[in-house]
Amino acid sequence: MKVKQFRYSADNLGYLIYGEESAIAVDGGAFEQMLSFIEEHCLELRIVTNTHSHGDHTCGNRELAEATEAEFINVGELPSRRTLPLEGSRIDIIHTPGHTADSVCFYIPGILVSGDTLFNGKVGRCFTGDIRTFYKSIRKLLELPGDTVIYGGHDYVREYLEFARMVEPSNSFINAYLRRYDPTHVFASLEEELKVDPFLRLNEPSVTSFLKSRNLPVSTEYQRWESLMSLM
Ligand SMILES: [Fe+2]
């Protein structure tokens, strides 16, 4: 299985997960580009679905479903399905509440389509306000292999790397990450994220020092998570 990234509305990123002859659309805001790609590669669109129910991710659902024979699967139904089939393989659905209660990530070995749960450069915003549940969702993603490529729902790389630099000014990997950054194909491995995203680096002494300098609680990993979240 392969993944093709599509950019729309300045910084939104949607995806086609596809095989030899069929595809699944995840966050179809770039529906015109997606339909052209599907036609060009002689693919059949089987399913249209989303990483979560925010309008900037669900726009395009209707257009994709109307232009094809695809089945529309509401994001709320995904956690109970657990997997989506594609050409004899399966796409695992990981329920990751936090950004929204219905947020999910799509996993195939080597690739995670992570919506607004985990971006390149930083975790997403916790709009549910349930910071503990969001923490657990991110911990779940950290169990994936380090070489898993993270494909997020927006390109906020430059902005979020500035946040990372504020927390860890002497983290030399931030510059290396930015040098490799390409706005026409936005991705990084989980291993690379672990080198820059302060929310994934809660046990680094430099992150603890930064939080202490802001007079924020640092006693446990979860406290450091809460402290960093309070700065968002
Ligand atoms: Fe969102």
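Residues numbered from 1 in each chain as written. Predicted model: local features only at pLDDT ≥ 70, side-chain atom pairs only at ≥ 80, totals over all residues.

**Details of the packing of helix 9 (residues 205-213) against helix 10 (residues 221-229)**
Item 1. Relative to each other, helix 9 and helix 10 sit at 55 degrees, their axes nearing to 11 Å. Relative to helix 10, the element helix 9 is oriented oblique. For helix 9 against helix 10, the interelement crossing comes out left-handed. Here Val207, Thr208 and Leu211 of helix 9 lie close against helix 10, whose contacting residues are Arg224, Ser227 and Leu228.
Item 2. Tallied by class, the residues present in the contact of helix 9 with helix 10 amount to three nonpolar, two polar and one charged. (Axes fitted to C-alpha atoms, helices over the stretch in contact; angles between N-to-C directions. Helix = DSSP H or I, 4+ residues; strand = E, 2+ residues; numbered from the N terminus. Parallel < 35°, antiparallel > 145°, perpendicular 65-115°, else oblique. Left-handed = near helix turned anticlockwise from the far one by under 90°. Contact = placed C-beta atoms within 7 Å. Nonpolar A, V, L, I, M, F, W, Y, C, P; charged D, E, K, R; others polar.)

**Digging into unusual backbone geometry**
Across the chain, the bulk of peptide bonds are trans and the bulk of non-glycine residues have phi less than zero.
Item 1. Look at Ser9: it is not a glycine, yet its phi comes out positive at around 45 degrees.
Item 2. Turning to its location among the elements, Ser9 is positioned in the loop between strand 1 (2-8) and strand 2 (12-18).
Item 3. Judged by C-beta crowding, with 12 C-beta atoms within 10 Å, Ser9 ranks as exposed.
Item 4. Despite not being glycine, Asp27 shows a phi value in the positive range, around 65 degrees. (Buried ≥ 20, exposed ≤ 12 C-beta atoms within 10 Å, placed from the backbone.)

**Digging into the packing of helix 6 (residues 157-167) against helix 7 (residues 173-180)**
Item 1. At a closest axis distance of 10 Å, the pairing of helix 6 and helix 7 adopts a crossing angle of 170 degrees. Classified by the interaxial angle, the pair formed by helix 6 and helix 7 is roughly antiparallel. Here Leu161, Ala164 and Arg165 of helix 6 lie close against helix 7, whose contacting residues are Ile174, Tyr177 and Leu178.
Item 2. Tallied by class, the residues present in the contact of helix 6 with helix 7 amount to five nonpolar, no polar and one charged.

**Quick word on the environment of Gly129**
Item 1. Note that Gly129 resides in the loop between strand 9 (111-115) and helix 5 (131-141).
Item 2. For Gly129, a count of 8 C-beta atoms within 10 Å translates into the label exposed.
Item 3. Separated by 28 residues in sequence, Gly129 and Ala101 have C-alpha atoms that sit 9.9 Å apart.

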